[in-house]
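# Secondary and tertiary structure notes
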Amino acid sequence: MTAAERWIDEHTDVVDDDGDTVHAAVTVDLNVDSIVTVRRIHASDERPQGLALDADQPLMVGDVTNTRMVLWNHSAPDEVEIVARAGRLTLWNVWEADGAVHAWVGAAGMLLDEAAGDTTRLRASDGFGDRTIDLEVEIRIRAACVP
């Protein structure tokens, strides 16, 4: 079974798959208003790859404010700063195929690597073929003074 099939079968969003902990999504509880920096390390050129963000408080990137957004590899800068109010922030990988946005099917899933300090690396596989690294980003979260 794929990680995606096991998420459904086991009613969970994290499974062990061949010794790797594969996440459907990652949720962070922000205790304070924060600046979330997303730096894209790699994105497959097979199909558009994106990092979806969902929060219970509006997120702000430049002059765009919304509780849900996607940072696409073909349109977002390599590094994006997001102003996030205290609350829940959830991230997961998405991809586009056949004119639709997909997530959580096939070989989809994310591996987390804790890096130095306040940085985490997400290595994500889209739903095609075997699990591969189709999107890799570094996430850095730091407290911010938000007006």
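Structure first, text after, so check above.
Our subject in this report is the structure included herewith. Worth saying up front: this structure is predicted, and the values here are computed from it rather than measured. (Residues numbered from 1 in each chain as written. Predicted model: local features only at pLDDT ≥ 70, side-chain atom pairs only at ≥ 80, totals over all residues. Heavy atoms only, no water.)

Nonpolar side chains in soluble globular proteins tend to be buried together. Val38, Leu51, Leu53, Leu59, Ile82, Leu89 and Ile139 are the most contacted members of the largest nonpolar core, which has 28 residues in total. Those elements that provide at least two residues to this core are strand S3 (26–30), strand S4 (34–43), strand S5 (49–61), strand S6 (64–72), strand S7 (79–84), strand S8 (87–97), strand S11 (119–125) and strand S12 (135–143). Residues within four places of Leu53 in sequence aside, it is in contact with Leu59, Thr67, Arg68, Met69, Leu71, Ile82, Leu89, Thr90 and Leu91. (Core = buried A, V, L, I, M, F, W, Y, C linked by side-chain atoms within 4.5 Å. Buried < 20%, exposed > 50% of the residue type's maximum accessible area, 1.4 Å probe, protein only. Helix = DSSP H or I, 4+ residues; strand = E, 2+ residues; numbered from the N terminus. Contact = heavy atoms within 4.5 Å.)

Side chains that carry opposite charge are capable of pairing whenever their charged atoms lie near each other. Inspection of every chain in the model, using the stated rule, returns 13 salt bridges. A salt bridge links Arg47 to Asp126; the shortest N-O distance between them is 3.1 Å. One end of the pair, Arg47, is in the loop between S4 and S5; the other, Asp126, is in the loop between S11 and S12, and 79 residues separate them in sequence. Judged on exposure class, the residue Arg47 and its partner Asp126 are both buried. Within the structure, one salt-bridge network assembled from shared partners comprises Arg39, Arg121, Glu136 and Glu138. (Salt bridge = Lys/Arg side-chain N within 4 Å of Asp/Glu carboxyl O.)

The buried count for S8 comes to nine of eleven residues, which makes it a mostly enclosed element. Examined bridge by bridge, S3 and S8 share five bridges and lie antiparallel to one another. Note that in S8 the partner of Thr27 across the bridge is Thr90. Of the pairings in the sheet, the one linking S5 to S8 comprises seven bridges and is antiparallel in character. By the bridge assignment, Leu51 is partnered in S8 with Asn93. Bridge analysis of S8 against strand S9 (residues 100–102) gives three bridges, and the strand direction is antiparallel. (Pairing = 2+ DSSP bridges.)

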